[in-house]
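Here's the letter readout for the chains.
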Amino acid sequence: MRWLHELAGSRNVLRVHGSIWMLRCLACGHEEENQRSPLLEIPPRCTCGGMLRPGVVWFGESLPPDVWKAAEAAARWCELLLVIGTSAVVYPAAGLAWLAKSSGARVMEINVAETPLSREIDEFLLGPSGELLPRLIA
């Protein structure tokens, strides 16, 4: 399944918080794409018999180490970081903007409300991303 970022042409997408379209077995750790909508059985089961859960990171769980390491490297090396539609208070992900800024990147936030990041970065655009992003591209 291709997600919105891939449909838009993005490559090397890092899913720091996982994907709701993936299922992970609680028993054996097997991961599979969720192509069953609606789910045929509640709760969904793996071929091993274990329960499948959404492949996302919930509060209190660790971020995938390999994905997180790649996200930190990308923040250190980017020239421009767009921060779109976030509260900017849930760490460690919120720290990527600060990491990019301290590494010399320009940081732009697009949001419907100010966040702790808004006044500390290069550019803050107030409004819905669905309206502002197309205007930036034009």
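Rules of the game
- Residues numbered from 1 in each chain as written.
- Predicted model: local features only at pLDDT ≥ 70, side-chain atom pairs only at ≥ 80, totals over all residues.
- Heavy atoms only, no water.
- Buried < 20%, exposed > 50% of the residue type's maximum accessible area, 1.4 Å probe, protein only.
- Helix = DSSP H or I, 4+ residues; strand = E, 2+ residues; numbered from the N terminus.
- Arc of directions from axis to C-beta.
- Contact = heavy atoms within 4.5 Å.
- Patch = residues over 30% accessible without salt bridge, like charges linked within 9 Å, V, L, I, M, F, W, Y side chains within 5 Å.
- Areas by Shrake-Rupley, 256 points an atom, 1.4 Å probe, with all protein chains shown as cover.
- Salt bridge = Lys/Arg side-chain N within 4 Å of Asp/Glu carboxyl O.
- Polar contact = N/O pair within 3.5 Å; in protein donor to acceptor, adjacent residues only side chain to side chain.
- Pairing = 2+ DSSP bridges.
- Axes fitted to C-alpha atoms, helices over the stretch in contact; angles between N-to-C directions.

1. Focus: helix α3 (residues 95–102)
- Within the sequence span of α3, burial applies to Leu96, Ala97, Leu99 and Ala100. Seen from one end, α3 has its buried residues packed into an arc of 165°, which puts them on one side.
- Buried residues along α3 sit in contact with α2 (65–77), β4 (80–84) and β5 (106–111).
- One or two steps after α3, the chain reaches Gly104, where phi turns positive at roughly 100°.

2. Some details on a nonpolar patch on the surface
- Together, Phe59, Val89 and Val90 make up a nonpolar patch on the protein surface, roughly 340 Å² of accessible area in all.
- Tracing the chain through its elements places Val89 in the loop between β4 and α3.

3. Quick notes on the environment of Leu136
- Secondary-structure assignment places Leu136 in helix α4 (residues 129–137).
- What makes Leu136 partly exposed here is its relative accessible area of 42%.
- Ignoring any residue separated from it by four or fewer positions in sequence, one finds Leu136 in contact with Met108, Ile110 and Leu125.

4. What to know about the side chain of Ser118
- If you trace the backbone, Ser118 turns up in the loop between β5 and β6 (123–126).
- Exposure remark for Ser118: the relative accessible area of 7% places this residue in the buried category.
- Reaching out from Ser118, the side chain makes a polar contact with the backbone nitrogen of Thr115 at a distance of 2.7 Å.
- Leave out the neighbours within four places in its chain, and Ser118 touches Glu109 and Phe124.

5. Quick notes on the sheet that holds strand β2 (residues 31–33)
- The strand order β2-β1-β3 describes an open sheet built from three strands, whose pairing is antiparallel. Two strands close off the open sheet at either side, each with one partner strand: β2 and β3 (52–56). Pairs of neighbouring strands in the sheet enclose a mean axial angle of 40°, with direction left out of account.

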